[in-house]
Amino acid sequence: MQKPDLVIVGAGPAGMAAANQAAELGLKVCILDEQSNPGGQIYRDVDRVAPIRGDALGADYTYGTRLTDKLHHANIVHMSGATVWAIEKGFCVSYTQNGRGAQIIADHILLATGALERPMPIPGWTLPGVMTAGAGQILLKQSGVVAQNAVLVGSGPLLYLIACQMLRAGSAPKALIETQTGADTRAALRHLPRALQGWPYLVKGLKMLAAIRRAGVPRYQGTASVSITGTDHVEAVHFMHKGRTKSISCDTVFMHHGVVPNTQAARSLGIAHHWHNAQQAFVPKLDEWGHSDFAGVFIAGDSAGIGGAKTAEAYGKLTALKIAEMTGRLTVGERDRKASPIQRSLSHELAARPFLDTAYPPFNAALTPSDNTLICRCEEVTAGDIRRYTKLGCTGPNQAKAFGRAGMGPCQGRYCGLTVTTLIAKETGQSPDTTGYYRIRPPLKPVTLGEIAAMDITTDESPQ
Amino acid sequence: MKTASTFRELTREPRVEVTLDGEKLCLPDGANLAAALLVAGVTTFRKTPVSDTPRGPFCMMGTCFDCLVEIDGVARQACMLNVRAGLAIIRLPDAQVPNAET
Ligand SMILES: Cc1cc2nc3c(=O)[nH]c(=O)nc-3n(C[C@H](O)[C@H](O)[C@H](O)COP(=O)(O)OP(=O)(O)OC[C@H]3O[C@@H](n4cnc5c(N)ncnc54)[C@H](O)[C@@H]3O)c2cc1C
Ligand code: FES
């Protein structure tokens, strides 16, 4: 393959929009995604699935085909089923596709790796049958598989979305056990005037709530002390509601209390991050065009900070404009002229964000879990262990690894990193920024020796 | 091992034969392997190396590693694979779950 001008990691809305914009401006683009079809999380597998299950999944899902269509462009090479496991200076991107390792070289990199579900460590969350709400959606989208005796736990619009998608698929969830409180709703009201500028989102939310009510699915709001029990598999969810203990038996639990940026790739490059208080997560430090402090590396979409699919699309385009300008395809004036309608649309897209973030905050008890709760799923470290390490002098996540292996399992801290930072910061009284995060080293995903042995090393084919 | 599944397929796809720990199982051809095993009533995909407790798919997007199974001698994420005829799936002995760092 000819050396591309831009390599994009992730074919979600951010990556796809950036690829198309850059290709339209004459850049050669290579976009890699570990999924076998483009779409990212929101539009997962949309080309194949929209014709068969588009009705149950809704118009916000099938919209994705507009973006996947635009990948068919002479300047775009889409590598599907390609898992990126290392990005090194230069830039050399190593990936595995069909069991073979390979590398690709480019001067500009866009990380559009999306979000992860915010870890929700509550007692029992590691039992088989407990999954993220996003996993429930993926089962429904990609595989047409729906849970029949499921309870939804947590907070946020995505919980209502999956409830509605399950309803339309003919399997109503048994209950919604919601963790946001009346106080959260009242606090959110001051953001309502601004949110009204993004009124289509509010209308969608109200419609989803109405559908859930019509279907007779019980909603328990302001719940506390949520726990899950079962022997080899989930059997019930227990919680406090209005001062009483309740239990609901079920076979599946889908949990969600927000999504957080997937920063693994950016972290592995040593890109600076800072703590975003409203999102209770680390986000990379970027300029208005998504350029990081590592020259040539850009980040767009949810991996740059949570903003949702339309925002991801807009930022993907802005990044492509900036790269086109840097490579001489656009003048600064042309770039700014093309950018200004996109920037205007962003302010509408982001209008409802402060309202939603305040109305549906993360579940506090899962940010700083009780001592006995497992927080590192891989190495089975508890919140109490982390507190104990801190008392013994541990001041940051990398030290915590030495104390007790938290973050050293196969997920590389993806589902415990933020909890470990938060717990240590609470115990030491330091800020999350001072406390820091795990150092992430490649490989980002496990590679086998066979895959490396089969590696086909692309040499730099720069024109003579 | 096989119980009535609590997951339902919206449309029934043609089946192919695979084996799970040597036992025959019919799964939808080309389907996501983790989803197909869930529909087949498989709930435990592996046990943890630390406390030998059961785990099953959690994220379905290749990030949690709770769905690891062994195929052709390699630990693979079931949620990132597709079903094909003849697949020999082995549930990993807990000690073989790989680590990121040692
Ligand atoms: C499971 C899940 C389900 C969601 N569902 C919805 C929904 O239905 N509606 C909604 O509004 N929002 C949803 N969201 C929120 C979602 O993050 C955004 O709406 C939107 O998908 C963000 O777009 P993006 O382009 O930033 O990233 P994504 O759409 O997440 O795309 C990122 C892509 O990067 C790829 N990738 C990541 N790392 C690598 C790697 N190392 N190598 C190769 N490829 C890689 C992934 O396979 C993925 O396709 C969901 C989030 C999650 C985590
Ligand atoms: S279910 Fe999480 S990696 Fe497969």
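Definitions and limits used
Residues numbered from 1 in each chain as written. Chains lettered and ligands numbered in written order. Predicted model: local features only at pLDDT ≥ 70, side-chain atom pairs only at ≥ 80, totals over all residues. Heavy atoms only, no water. Helix = DSSP H or I, 4+ residues; strand = E, 2+ residues; numbered from the N terminus. Rg over C-alpha atoms; globule rule 2.2 N^0.38 Å. Buried < 20%, exposed > 50% of the residue type's maximum accessible area, 1.4 Å probe, protein only. Contact = heavy atoms within 4.5 Å. Areas by Shrake-Rupley, 256 points an atom, 1.4 Å probe, with all protein chains shown as cover. Lys, Arg positive; Asp, Glu negative; His and termini not counted. Charge placed at Lys NZ, Arg CZ, Asp CG, Glu CD. Salt bridge = Lys/Arg side-chain N within 4 Å of Asp/Glu carboxyl O. Near = heavy atom within 4 Å. Polar contact = N/O pair within 3.5 Å; in protein donor to acceptor, adjacent residues only side chain to side chain. Nonpolar A, V, L, I, M, F, W, Y, C, P; charged D, E, K, R; others polar. Domains from an automatic or database assignment. Axes fitted to C-alpha atoms, helices over the stretch in contact; angles between N-to-C directions. Left-handed = near helix turned anticlockwise from the far one by under 90°. Buried area = accessible area lost by both parts, 1.4 Å probe.

Student: Please clarify how the overall build of chain A should be interpreted in this entry.
Tutor: Within chain A, the regular secondary structure consists of 19 helices and 23 strands. In terms of C-alpha radius of gyration, chain A reaches 22 Å, essentially the compact-globule figure of 23 Å for 464 residues. Looking at the 464 residues of chain A, the share that counts as buried comes to 59%. Relative to all contacts within chain A whose residues are 6 or more apart in sequence, the contacts with residues 24 or more apart total 67%. Roughly 18200 Å² of accessible area belongs to chain A as shown, and the carbon and sulfur atoms make up 52% of that amount. Computing the positive centroid from 46 side-chain charges and the negative centroid from 37, chain A places the two 7 Å apart.

Student: Hey, could you run me through the pattern of salt bridges in this one?
Tutor: Pairs can form between side chains of opposite charge once their charged atoms are near each other. Residue and element names in this part refer to chain A. Using the criterion set out here, one finds 20 salt bridges over all chains in the structure. Between Glu325 and Arg335 there is a salt bridge, with its nearest N and O atoms 2.6 Å apart. Within this pair, whereas Glu325 is found in helix H11 (residues 309–326), its partner Arg335 is found in helix H12 (residues 332–349), the two being separated by 10 residues in sequence. Looking at Glu325, the relative accessible area reads 17%, which means it is buried. On the basis of relative accessibility, which here comes to 10%, the residue Arg335 falls in the buried class. The closest approach of N and O atoms between Arg405 and Glu379, which form a salt bridge, is 3.2 Å. Note that Arg405 is positioned in the loop between helix H16 (397–404) and helix H17 (417–428) and Glu379 in the loop between strand S22 (374–376) and strand S23 (381–382), a separation of 26 residues in sequence. Take Glu379: its relative accessible area is 12%, and that puts it in the buried class. Residues joined by salt bridges that share partners form a network here, namely Lys322, Glu325, Arg335 and Asp336.

Student: I would appreciate a short explanation of the site of ligand 1 in the present structure.
Tutor: All names here are of chain A. Near ligand 1 lie 31 residues; those nearest to it are Ala14, Asp33, Gln41, Gln137 and Asp302. Pro13 is positioned with one of its backbone polar atoms (N or O) 3.2 Å from an oxygen atom of ligand 1. Measuring from an oxygen atom of ligand 1, one finds a backbone N or O atom of Ala14 at 2.9 Å. Surface burial for ligand 1 is 93%, taken as the share of its 970 Å² of free accessible area covered by protein chains. Where the shell around ligand 1 is concerned, the elements lending two or more residues are helix H1 (13–24), strand S4 (82–88), helix H5 (133–143), helix H6 (157–168) and H11. Here the element with the most residues in the shell around ligand 1 is H5; it accounts for four residues. Taken together, the residues of the shell around ligand 1 break down into 15 nonpolar, 12 polar and four charged. When residues of the shell around ligand 1 are assigned to domains, at least three map to each of domain 1 (6–116 + 261–330) and domain 2 (121–256).

Student: Looking at this structure, I do not really get the packing of H1(A) against H11(A). What am I missing?
Tutor: Any two packed helices are characterised by the angle at which their axes cross and by the distance between the axes. All names here are of chain A. Running from amino to carboxyl end, H1 crosses H11 at an angle of 35 degrees, the nearest separation of the two axes being 7 Å. In this structure, the crossing between H1 and H11 has a hand that is right-handed. The segment H1 lies against H11, with Pro13, Ala14, Ala17, Ala18, Gln21 and Ala22 engaging Ala309, Ala312, Glu313, Gly316, Lys317, Ala320 and Leu321. Partitioned by chemical class, the residues of the contact of H1 with H11 number nine nonpolar, two polar and two charged.

Student: Just checking my understanding: could you explain the interface of chain A and chain B for this structure?
Tutor: How big an interface is tends to be stated in terms of accessible area lost as the parts join. Across the boundary between the two partners, chain A contributes 51 residues, which contact 37 residues of chain B. Buried area between chain A and chain B, summed over both chains or domains, comes out near 3700 Å², and the portion from carbon and sulfur atoms is 57%. Together, A:Arg377, A:Glu380 and A:Pro410 form the three largest contributors to the area buried by chain A at its contact with chain B, with a combined 15%. Here chain A is connected to chain B by one salt bridge. The partner of A:Arg377 in a salt bridge is B:Asp66, and the shortest N-O contact between them spans 2.6 Å. Secondary structure elements with two or more residues in the side of chain A that touches chain B: strand S8 (115–117), strand S9 (130–132), H5, strand S10 (145–147) and strand S17 (252–256) of chain A. When residues of the side of chain A that touches chain B are assigned to their parent elements, the largest contribution, six residues, is made by H5(A). Looking at side-chain class alone, the side of chain A that touches chain B contains 22 nonpolar, 16 polar and 13 charged residues.

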